[in-house]
Amino acid sequence: MKKRIIVGNWKMNPTTFDEAKRIFKSTKSAAEKLKSVSVVLCPPFVYIPQLLNSRTESAVSVGAQDVYFEERGSFTGEISPLMLKDLGIKYVIVGHSEKRAKGQTDEMIAKKVAMLLEIGISPILCIGEETRSEDGAHLDFLKSQIKNSLNKVSKKNIGDLIVAYEPIWAIGAKEAMKPEDIYEMSIFIRKVLADLYGHDEAVATPVLYGGSVNFRNALEIFEKGQINGLLVGRESVNVAGFVELLKTIDA
Ligand code: PEP
């Protein structure tokens, strides 16, 4: 059985390394007992090197929340894909809506995705519409977002790609998207991927859902949504809730 992927996006939390260690350690102990779930935690950049040193290879992978689209040079404050590769990072969230809202374009995201795939890091490509409309305009939006974000990626490099469908209106919200709607969207996303790269590649690409997932709604979303995993924001720094979520999906 292919493992389910649960990604925790800590966002800009917590504010001390002691707290980061505590969350990481507790999540790791729970992850060590899981059989069918791979856990990826994406802490703020400053905590990555030390958390990497304390990881258990098979139980928790440490990922990054973003990366820059150049390898080196005069780009103050940015982090190169090569630096992440050198640290041993295997996953990077790309195109999160909170970064897109600050000016990241599909063009920049396309460069990041291609660079990461080229050096053997899995991009967790976030896509999602701002609103949904009766006439299906959000489907056109999503289709072009996927096409634009992957326009530098050839079929031979697609193997490590992970897609995270995160409707913007469901991120940081009170409720997640309805599982039936997630199911519909996961089929749509695979269809777009199949048109671009072929059926087998589309089926092999993990599609995750993100947006207000917690330990209470995770199982229904996972089962009815027919997805390969979850991208979890706020609940991933709430250790008790996140551990419960991991156990539920594993079972
Ligand atoms: C996210 O930041 O990717 C996310 C899904 O956030 P939340 O789970 O808090 O809605």
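None of the values given here were measured: they were computed from a predicted structure.

### Examining the nonpolar core
Okay, step 1: Y209 and L230 are the most contacted members of the largest nonpolar core, which has 67 residues in total.
Okay, step 2: For this core, the leading source of residues is helix α7 (residues 179–197), giving 7 residues.
Okay, step 3: If you look at the next biggest cluster of nonpolar residues, it comprises 12 residues, including V40, C42, I124 and C126.

### Remarks on the side chain of S212
Okay, step 1: Inspection of the secondary structure assignment puts S212 in the loop between β7 (207–210) and α9 (218–225).
Okay, step 2: S212 sits in the buried class, given a relative accessible area of 9%.
Okay, step 3: At 2.7 Å, the side chain of S212 and the backbone oxygen of A170 are in polar contact.
Okay, step 4: At 2.9 Å, the side chain of S212 and the side chain of R234 are in polar contact.
Okay, step 5: Discounting residues that sit within four places of it in the chain, S212 has contacts with A170, I171, G172, A173, K174, E175, A176, N217 and R234.

### Considerations on the site of the ligand
Okay, step 1: The environment of the ligand is made up of N9, K11, H96, E166, I171, G172, G210, G211, S212, L231, G233 and R234.
Okay, step 2: At 3.4 Å from an oxygen atom of the ligand is found a side-chain nitrogen or oxygen belonging to N9.
Okay, step 3: Measuring from an oxygen atom of the ligand, one finds a backbone N or O atom of S212 at 2.8 Å.
Okay, step 4: Look at the ligand: alone it shows 290 Å² of surface, and the protein chains cover 100% of it.
Okay, step 5: By residue class, the composition of the shell around the ligand is 2 nonpolar, 7 polar and 3 charged.

### Observations regarding the pattern of salt bridges
Okay, step 1: One pass over the structure, following the stated rule, counts 12 salt bridges.
Okay, step 2: Note that D66 and K112 form a salt bridge whose closest N and O atoms lie 3.0 Å from each other. In this pair, D66 is assigned in the loop between β3 (60–62) and α3 (81–87) and K112 in helix α5 (residues 106–118), connecting sequence segments 46 residues apart. For the pair formed by D66 and K112, the shared burial category is buried.

### Comments concerning α9
In an α-helix, one turn spans 3.6 residues; hence positions three or four apart end up facing the same way.
Okay, step 1: When we look at burial in α9, the residues that qualify are A218, I221, F222 and G225. Buried residues in α9, looked at end-on, bunch into an arc of 95 degrees, giving them a common side.
Okay, step 2: Looking at the buried side of α9, the elements it contacts are β1 (4–9), α7, β7, β8 (229–232) and α10 (239–250).
Okay, step 3: Once α9 ends, the next one or two residues include Q226, with phi positive near 55 degrees.

### Brief notes about the pairing of β8
Each regular strand shows side chains that alternate between the opposite faces of the sheet.
Okay, step 1: Burial along β8 is two-sided: the face carrying G229 and L231 and the face carrying L230 and V232 are both buried.
Okay, step 2: Taken together, the 4 bridges between β1 and β8 define a ladder with parallel strand orientation. Looking at β8, one finds that G8 is bridged to V232.
Okay, step 3: Alignment of β7 against β8, held across 3 bridges, turns out to be parallel. Bridge assignment links Y209 to a residue of β8, and that residue is L230.
Okay, step 4: One crossover worth recording links β7 to the parallel β8 by way of α9, and it is right-handed.

About the criteria used
- Residues numbered from 1 in each chain as written.
- Predicted model: local features only at pLDDT ≥ 70, side-chain atom pairs only at ≥ 80, totals over all residues.
- Heavy atoms only, no water.
- Core = buried A, V, L, I, M, F, W, Y, C linked by side-chain atoms within 4.5 Å.
- Buried < 20%, exposed > 50% of the residue type's maximum accessible area, 1.4 Å probe, protein only.
- Helix = DSSP H or I, 4+ residues; strand = E, 2+ residues; numbered from the N terminus.
- Polar contact = N/O pair within 3.5 Å; in protein donor to acceptor, adjacent residues only side chain to side chain.
- Contact = heavy atoms within 4.5 Å.
- Near = heavy atom within 4 Å.
- Areas by Shrake-Rupley, 256 points an atom, 1.4 Å probe, with all protein chains shown as cover.
- Nonpolar A, V, L, I, M, F, W, Y, C, P; charged D, E, K, R; others polar.
- Salt bridge = Lys/Arg side-chain N within 4 Å of Asp/Glu carboxyl O.
- Arc of directions from axis to C-beta.
- Pairing = 2+ DSSP bridges.
- Right-handed = clockwise from strand over helix to strand, strands pointing away.

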